[in-house]
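Below, each chain spelled out in residue letters.
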Amino acid sequence: MAGRSTHAVWTVGFRPFFILAMFAGLSLPLLWALIFGGRVTAPAMPFSVMQWHAHEMFFGFGWAVLGGFLLTASKNWVSIRGYHGPALALLALAWLQERAGMWFAGSLPPLLFHISNNLFLVAVVAMLMATLIRHRRSDSYADNYFFLLVLPTFLLAKQLMLSTEYFQIGVSLALGLFRMAFLVMLERTLTPFMKAAFQVPILRYGPLDKSIKLLGLLMVVESLLPRTVSALLAAALALLLLGRFFRWQPQLALRRLDVGIMYLGYLAIVAQLLIHAADPFVQLHWVGTVSVHVFTFGVMGLIIPAMIVRISNGHTGRKVVFDGLDKTALWIMLLALTVRVVGPQADPAGYVQWIYLAAICWLACFSILAWRYIPFLLQPRVDGKEH
């Protein structure tokens, strides 16, 4: 359209980063499964392939989604135009450079690796914080100070995750930070979702919402606390979340897959916290890292595809309707959760095969979403608006 200064893909943050997230979602789990199963040999790296996998799922796939969401949402929170054009193009290039740098890390001089590995996250965190700080007087959410605390802490989690000595602390920190982001996002989005789907209000109670966020913030550093204290905090947060869950009319939400899957993702947060809380007191002999994968498959894996469908439709001027293919993608991710978490407990000997099947589910889900929504993200809005 006349007057547009950039291609449609660079008009708002969710467009390029949801495209990158879909490609990451369909490729990164499959590549990991092939490495884990011995079908692909990873190049020499200054860290383990397990560290590579964890980093790429949190800071490759996860931050493509989170970056795209926050670049879009933050501009709406403070009522500004938001980053677009060359700024988004450079961020996307930095994200791609980081993926290449992680894979070929063993061939890069240390200084060059650290620059390529941190450029994207440092830039996007700085841009988001600048938006929230500069326009704080017009911010529609008084509690966005939580993001001012969480966002820079991702930088620390990233460094720790690539440290051999502190890898587990880095994973715990990253998981806690993503959990915090999902808690805030679900609190803000489920109210309009339920109103649109069922014309009912979600009962909200300010002190409860704030207590959940404060406990969530404290749980970010749970790996630095005594195990018993950490477990008790996790149990307390899980109980508060369950109490709020039953105030949010789940008996209605679970009737529809497009809304219900968000509630299932919410329950996955509760499940991950309860598993963590039980650890010091009950000797459960899990096969694999169940707590982490309940979060990555149950929270990220269920909520993110649904958010991609909603945002890619709604923010390109289309009606937010989940068609048969969209629902198929969501059912596939429910299968992925079952395959990855439950399958190895029932059949430990087939652990590698369960990982292959879970990766195939991610490939199938995000291939469907990419085929459906990348054309939308590359085209101007259908309602004639620029962004």
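You'll find the structure just up there.
These remarks concern the structure in this document. Because the structure is a prediction, the values reported are computed rather than measured.

So, how was this worked out
Residues numbered from 1 in each chain as written. Predicted model: local features only at pLDDT ≥ 70, side-chain atom pairs only at ≥ 80, totals over all residues. Heavy atoms only, no water. Helix = DSSP H or I, 4+ residues; strand = E, 2+ residues; numbered from the N terminus. Rg over C-alpha atoms; globule rule 2.2 N^0.38 Å. Buried < 20%, exposed > 50% of the residue type's maximum accessible area, 1.4 Å probe, protein only. Contact = heavy atoms within 4.5 Å. Areas by Shrake-Rupley, 256 points an atom, 1.4 Å probe, with all protein chains shown as cover. Core = buried A, V, L, I, M, F, W, Y, C linked by side-chain atoms within 4.5 Å. Axes fitted to C-alpha atoms, helices over the stretch in contact; angles between N-to-C directions. Parallel < 35°, antiparallel > 145°, perpendicular 65-115°, else oblique. Nonpolar A, V, L, I, M, F, W, Y, C, P; charged D, E, K, R; others polar. Salt bridge = Lys/Arg side-chain N within 4 Å of Asp/Glu carboxyl O.

## As for the overall build of the chain
When helices and strands are counted, the chain shows 13 helices and zero strands. When the elements of the chain are put in sequence order from the N terminus, they spell out α-α-α-α-α-α-α-α-α-α-α-α-α. Taken over the C-alpha trace, the chain has a radius of gyration of 20 Å; the compact-globule value for 387 residues is 21 Å, and the two agree within 12%. Considered along the principal axes of its C-alpha atoms, the chain spans approximately 60 × 55 × 40 Å. For the chain, the proportion of its 387 residues judged to be buried stands at 56%. Contacts in the chain between residues far apart in sequence, at least 24 positions, make up 79% of those at least 6 positions apart. Total accessible area computed for the chain in this model is approximately 16100 Å², and 69% of it derives from carbon and sulfur atoms.

## Structural notes on the nonpolar core
Generally speaking, soluble globular proteins have nonpolar side chains that are buried together. In terms of nonpolar packing, the biggest core is built from 137 residues, with Phe-61, Trp-63, Phe-182 and Phe-366 touching the most fellow members. The element best represented in this core is helix 6 (residues 167–198), accounting for 19 residues. In this view, Trp-63 contacts Phe-58, Gly-68, Phe-120, Leu-121, Val-124, Val-125, Leu-128, Leu-151, Phe-154 and Phe-178; residues no more than four positions away in its chain are not counted. Core analysis: the next-biggest nonpolar cluster, separate from the first, contains five residues, Ala-33, Ile-355, Tyr-356 and Ala-359 among them.

## Topic: the environment of Leu-155
Looking at where Leu-155 falls in the secondary structure, it is placed in helix 5 (residues 145–161). Classification of Leu-155 by relative accessible area gives partly exposed; the value is 23%. In this structure the C-alpha to C-alpha distance between Leu-155 and Leu-121, which are 34 residues apart in sequence, comes to 7.1 Å.

## Observations concerning the packing of helix 11 (residues 290–314) against helix 12 (residues 324–346)
Relative orientation and spacing of two packed helices are given, respectively, by the angle between their axes and the distance between those axes. Direction vectors running N to C along helix 11 and helix 12 enclose 180 degrees, while the axes themselves pass 10 Å from each other. Comparing the axis directions of helix 11 and helix 12 gives the class roughly antiparallel. Across the interface between the two elements, Val-290, His-293, Val-294, Phe-297, Gly-298, Gly-301, Leu-302, Pro-305, Ala-306 and Val-309 from helix 11 touch Asp-326, Leu-330, Met-333, Leu-334, Ala-336, Leu-337, Arg-340, Val-341 and Gln-345 from helix 12. When the residues that make up the contact of helix 11 with helix 12 are grouped by side-chain class, the tally is 13 nonpolar, four polar and two charged.

## Re the pattern of salt bridges
Taken as a whole and judged by the stated rule, the model has 16 salt bridges. Close ionic contact of Asp-258 with Arg-310 constitutes a salt bridge, the shortest N to O distance being 3.7 Å. Of this pair, Asp-258 sits in helix 10 (residues 257–278) while Arg-310 sits in helix 11, and the two are 52 residues apart along the sequence. Here Arg-381 ties to Asp-383 by a salt bridge, and the two come within 2.6 Å at their closest N and O atoms. Exposure remark for Arg-381: the relative accessible area of 11% places this residue in the buried category. Among the ionic contacts, a cluster of salt bridges with common partners joins Asp-143, Glu-187, Arg-188, Arg-204, Asp-209, Lys-213 and Arg-244.

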